[in-house]
Amino acid sequence: MSPGAWAVIARMVAPLHPCMVPPPVVDVLIRNGVIVTCDATDTVLVGDVAVRNGIIVGLGTSAAAQLGPFSSVIDASGCIVLPGLVQAHVHLVQTLFRGLADDVPLLEWLRRFIWPLEAAHDEKSLALSAELGAAELLLGGTTTILDMGTVHGHDAVFDAILRSGLRACSGKAMMDTGDGVPARLRETTHDSLRESERLAKTWTGAGEGRLTYAYCPRFILSCSETLLRECGEAANEQGAIVHTHAAEQEEERAAVHAARGGDDVALLASYGVTGPRAVLAHGVQLRKDEMKALALAETRIVHCPSSNLKLGSGIAQVHALRQAGVVVGLGADGAPCNNNLDGWLEMRLAALLAKVRSGTTSLPARDVLRMATIDGARVLGLADKIGSVEVGKWADLVVVAQDGVHLAPAKDPFSTLVYAMKASDVRHVLVQGRHVVKNGELLTLDARRVASLAAAEARAVAARAGLS
Ligand SMILES: [Zn+2]
């Protein structure tokens, strides 16, 4: 489909600026759950959550129920109700490459596998990859993502996100230089910026305001100084997120030093990729002085523990980052470096790795849950809208069962959620009040069909990439 046709469809679904778009008309009462609010004092309540027009309007036993009638009632007896998980660094376009690039270090992983595979994507494989990722995320209780795509065809990714019901800040990967970049992924600085601007205009505000655009220069080694500077400026002018990878691995950092004569995070700051709208994935290699500078600038970091382990990147100093005052979110990164997109796994790993890195008391369960909810929302600049269960916020909610044998005897909800919960315990998921997962079934996409098509489509992409 042509970019023009996508633009027409996007205008049909989102004719107004997101601030002017009314939320969907959805009235839901979630009854009798243990509500882990993730509010400022980590309040835990037993009772109901009332949702009207996609907004949380009541909390607690009697107050909420009296706001009825409701068109839909969810029985959460024996369940925990919590904010939808926020994963602030994923790559939906790579979901189809799960298992195709195991057991290699970062730069080889990129140059031998991921870039050729991304270059071999077409509109059909991009859509299926994004659907597969969105289905896994929603079924596992993730309701919001910050997503980096590939260079071409990002309309198909936005379209899949729109249909899935996810909330997403997403952008095409931007690459105008670099060693080992396939010709199809290398674009001119001008074309990269114009395409990003077109996508931002087309998709920001679509889906009742669920979709927004993020400028995603991939990383310093594949982006010119001009491209990075222009991304920083465009993001500032438009109030958009600018998202990139930084301080991930020693070898990568050394390559940046050799190419540009400085440390990646300082270079990014000097290019204007800094401040509360700048979101840097990884930060594994950061020194204490760099953490202080990030905190001062309010630049955000996203911790991706599975990816950092699988690519041998190291263990980020999450406790030190938080102590320095940096807002840190969580993310699964892409399927080929994880190989799941499971927010519960990332929480558990983040908690366990912090104990090895900085002591057993350094990152307790309730702090890790905050990283996966309200702090993730802060990373995306959405903390006034999502990330906690509070009256006035959008109803992005997850209901998880506690009756699994692997959870019994469930006692402290923070301990249960971070150390023992699995994606398969998710029963219901609401995004802006819309019921997208009901009794463990995805209502928006045919998840079984998507999964059944994945193997053949992945083989086709690998063949086009010369990797079969
Ligand atoms: Zn990544």
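Residues numbered from 1 in each chain as written. Predicted model: local features only at pLDDT ≥ 70, side-chain atom pairs only at ≥ 80, totals over all residues. Heavy atoms only, no water.

Some words on the packing of aromatic side chains
- Tallied over the entire structure, the rule returns 4 aromatic pairs.
- Centroid distance phenylalanine 158 to tryptophan 203: 5.3 Å. Interplanar angle 15 degrees. Geometry classified as stacked. Taken together, the residues span a long stretch of sequence, with phenylalanine 158 in helix H5 (residues 154-164) and tryptophan 203 in helix H6 (residues 189-203) at a distance of 45 residues. A single burial state applies to phenylalanine 158 and to tryptophan 203, both of which are buried.
- The rings of Phe158, Trp203, Tyr213 and Tyr215 are connected pair by pair, giving a single aromatic cluster. (Phe/Tyr/Trp six-rings, centres within 6.5 Å; stacked < 30°, edge-to-face > 60°. Helix = DSSP H or I, 4+ residues; strand = E, 2+ residues; numbered from the N terminus. Buried < 20%, exposed > 50% of the residue type's maximum accessible area, 1.4 Å probe, protein only.)

Points about the pairing of strand S3 (residues 55-59)
- One ladder, built from 4 bridges, connects strand S2 (residues 44-52) with S3; its direction is antiparallel. Bridged to arginine 52 within S3 is isoleucine 55.
- Between S2 and S3, which pair antiparallel and follow one another directly, the connecting turn spans 2 residues, one of which, asparagine 53, has a positive phi of 55 degrees. (Pairing = 2+ DSSP bridges.)

A word on the pairing of strand S12 (residues 278-282)
- Burial runs high along S12: 5 of the 5 residues are buried.
- Inspection of the sheet shows strand S11 (residues 241-246) paired to S12 by 5 bridges, in the parallel sense. Bridge pairing in S12 links histidine 243 to valine 279.
- Both S12 and strand S13 (residues 300-303) contribute to a ladder of 3 bridges, which runs parallel. Among the inter-strand pairings, alanine 281 is bridged to a residue of S13, identified as valine 302.
- Each parallel crossover has a hand, and for S12 linked through helix H11 (residues 288-297) to S13 it is right-handed. (Right-handed = clockwise from strand over helix to strand, strands pointing away.)

Remarks on the coordination of the zinc ion
- Around the zinc ion, the donor atoms from the protein are His89 (NE2), His91 (NE2), His245 (NE2) and Asp333 (OD), and they sit 2.0 to 2.3 Å away.
- Here the zinc ion is ringed by 4 donor atoms whose angles at the metal span 88 to 172 degrees, and the overall shape comes out irregular.
- Binding-site remark: the zinc ion is held by donors from one chain whose sequence spacing is H-x1-H-x153-H-x87-D. Placement of histidine 89 in strand S6 (residues 85-90) and of histidine 245 in strand S11 is noted, with a sequence separation of 156 residues between them.
- Taking relative accessible area as the criterion, histidine 89 reaches 0% and is therefore assigned buried.
- Of the residues examined, histidine 245 reaches a relative accessible area of 9% and is grouped as buried. (Donors = N, O, S within 2.8 Å, 3.2 Å for Na, K, Ca; no water. Tetrahedral: all angles 85-135°; square planar, octahedral: opposite > 155°, others 65-115°.)

Treat this as a map of the structure, not an account of what it does.
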